[in-house]
Number of protein chains: 4
Amino acid sequence: MRALVELQVIPLGAGVSVRKEVTQVVKLLHNYDFIIDTHGSGTNIEGELSEILAAIETIHQTLHDQGIARLLSYIKLETRIDKVPTLAGKKLD
Amino acid sequence: MRALVELQVIPLGAGVSVRKEVTQVVKLLHNYDFIIDTHGSGTNIEGELSEILAAIETIHQTLHDQGIARLLSYIKLETRIDKVPTLAGKKLD
Amino acid sequence: MRALVELQVIPLGAGVSVRKEVTQVVKLLHNYDFIIDTHGSGTNIEGELSEILAAIETIHQTLHDQGIARLLSYIKLETRIDKVPTLAGKKLD
Amino acid sequence: MRALVELQVIPLGAGVSVRKEVTQVVKLLHNYDFIIDTHGSGTNIEGELSEILAAIETIHQTLHDQGIARLLSYIKLETRIDKVPTLAGKKLD
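Described in the following lines is the structure provided in the data block. (Residues numbered from 1 in each chain as written. Chains lettered and ligands numbered in written order. Predicted model: local features only at pLDDT ≥ 70, side-chain atom pairs only at ≥ 80, totals over all residues. Heavy atoms only, no water.)

To continue, consider the pairing of strand E2 (residues 35-39) of chain C. All names here are of chain C. Where E2 meets strand E3 (residues 42-48), five bridges bridge the pair, whose relative direction is antiparallel. Counted as the bridge partner of Ile 36 is Ile 45 from E3. Hairpin connection between E2 and E3: a loop of two residues separates the two successive antiparallel strands. (Pairing = 2+ DSSP bridges. Helix = DSSP H or I, 4+ residues; strand = E, 2+ residues; numbered from the N terminus.)

Attention shifts here to the relation of the copies chain A and chain C. For the pair chain A and chain C, the best superposition has an RMSD of 0.0 Å and corresponds to a rotation of 180 degrees with a translation of 0.0 Å parallel to the axis. These values place the two chain copies in the arrangement generated by a two-fold rotation axis. Most of the interface of chain A is mirrored in chain C, where 100% of its interface residues are also at the interface. (Least-squares fit on C-alpha atoms with pLDDT ≥ 70 in both. Contact = heavy atoms within 4.5 Å.)

Another aspect to go through is the packing of helix H2 (residues 49-65) of chain C against helix H2 (residues 49-65) of chain D. When two helices pack together, their arrangement is given by the angle between their axes and by how far apart the axes lie. At a minimum axis separation of 10 Å, H2 of chain C and H2 of chain D run at an interaxial angle of 155 degrees. Between H2 of chain C and H2 of chain D, the interaxial angle falls into the category roughly antiparallel. Pair H2 of chain C / H2 of chain D crosses with right-handed handedness. Contacts between H2 of chain C and H2 of chain D involve Leu 49, Ser 50, Leu 53 and Glu 57 of chain C from the first element and Leu 49, Ser 50, Leu 53 and Glu 57 of chain D from the second. (Axes fitted to C-alpha atoms, helices over the stretch in contact; angles between N-to-C directions. Parallel < 35°, antiparallel > 145°, perpendicular 65-115°, else oblique. Left-handed = near helix turned anticlockwise from the far one by under 90°.)

So, about the interface of chain A and chain C. The partner chain C presents 13 residues to the 13 residues of chain A that form the contact. Together, the buried faces of chain A and chain C total about 960 Å²; carbon and sulfur atoms form 69% of this surface. Per-residue buried area on chain A facing chain C is highest for Leu 12, Val 16 and Tyr 74 of chain A; these three make up 47% of the total on that side. Between the two partners, chain A and chain C, sit zero salt bridges. Inspection of the chain A/chain C interface yields four residue pairs in polar contact (both at pLDDT 80 or more). Contributing elements (two or more residues each) for the side of chain A that touches chain C: strand E1 (2-12) and strand E4 (70-80) of chain A. Ranked by the residues each element gives to the side of chain A that touches chain C, the list is headed by E1 of chain A, at four residues. Considered class by class, the residues forming the side of chain A that touches chain C number eight nonpolar, four polar and one charged. (Buried area = accessible area lost by both parts, 1.4 Å probe. Salt bridge = Lys/Arg side-chain N within 4 Å of Asp/Glu carboxyl O. Polar contact = N/O pair within 3.5 Å; in protein donor to acceptor, adjacent residues only side chain to side chain. Nonpolar A, V, L, I, M, F, W, Y, C, P; charged D, E, K, R; others polar.)

Attention shifts here to helix H1 (residues 19-29) of chain B. Residues and elements named next belong to chain B. For H1, the set of buried residues is Glu 21, Val 25, Val 26, Leu 28 and Leu 29. The arc that holds every buried residue of H1, seen down its axis, measures 160 degrees, which confines them to one face. Opposite the buried face of H1, at more than 90 degrees from it, the exposed residues are Lys 20 and Lys 27. (Buried < 20%, exposed > 50% of the residue type's maximum accessible area, 1.4 Å probe, protein only. Arc of directions from axis to C-beta.)

With that settled, the discussion passes to the relation of the copies chain A and chain B. In the superposition of chain A on chain B (RMSD 0.0 Å, axial shift 0.0 Å), the rotation amounts to 180 degrees. In this assembly the copies share their binding face: 100% of the residues contributing to the interface of chain A also contribute to that of chain B.

Turning to the packing of aromatic side chains, a few remarks are in order. Evaluated as defined, the whole model comprises six aromatic pairs over all chains. For the ring pair Tyr 74 of chain A and Tyr 74 of chain C, a centre distance of 3.5 Å and an interplane angle of 5 degrees mean the geometry is stacked. Within this pair, whereas Tyr 74 of chain A is found in strand E4, its partner Tyr 74 of chain C is found in strand E4 (residues 70-80), the two belonging to separate chains. Residue Tyr 74 of chain A shares its accessibility class with Tyr 74 of chain C, and that shared class is buried. (Phe/Tyr/Trp six-rings, centres within 6.5 Å; stacked < 30°, edge-to-face > 60°.)

The following block contains the structure:
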């Protein structure tokens, strides 16, 4: 099942700036066969739902393995069966 | 990896009231070995991250199989390694 | 206009535990004439939309005044005109 | 107080496609002195917090006045006092 996901990962205890961790999240997402659009409040992802969910789990595990104590992810997940959802299809005129 | 998740599933095209679909989401969550707290803007879930993510995928698939054309899920996902995250542990005094 | 709001305030740079700040957010919300339900991933609020939005602004200002450098709020906001929205009315059977 | 906000407005009862309502939300936001970036899961807004909150209330009121029965807004709100928050400043290298 194809899905559109917005993912924003917030590390707690990493300080006021979270740029280093956010950069790593985006880098990890590029390991997958996703279409990706990073913006000011997260990264929009187009891909297979099961792969996106697996990527999210891997991202949490990877950042924890590097010592980040606590992670909050904010996720918007969209699926539909009337047509194939794409990021390109959501562009407004 | 243990996780705390808030899940809110919104069907589009199901009309102004989404109670029927929300009730079914909560019913599906009770099929799993989760600790569950349903409130006015979603359901809080404590369980294994991989099982929770699998449940979310199953929920989308099940509702689509019943004819819901489009689904939006809003998910807050928390993991931590300094202690085991529990819903009980988040209660304020 | 009556509204239902879920508010979760996350301080960055306050460390791994954010309990102190969350407790204060809930305390500040009790200064208003709202119906409040605090749960594991935020506080659900029933009240006048303009007052709730003003409260959110006051909360950010108050926590910044106390030295919290960066604040992220995650807000779900619901309004409807077919009936008066209430937290009580969202309880599932 | 300057703020960065992500706003996503979802009408319920408007059918499977919500493009018409989303287009109107973005149009209404352009009436204000905001810096705006619309993407696949919402619109990022840079501006004065009080004006952005007022705009959100106006958007709900306007869409309800046009007959939309129920509206859900998903809002991420960021403020900080260590520096002025800007959308440009959140671009990753």
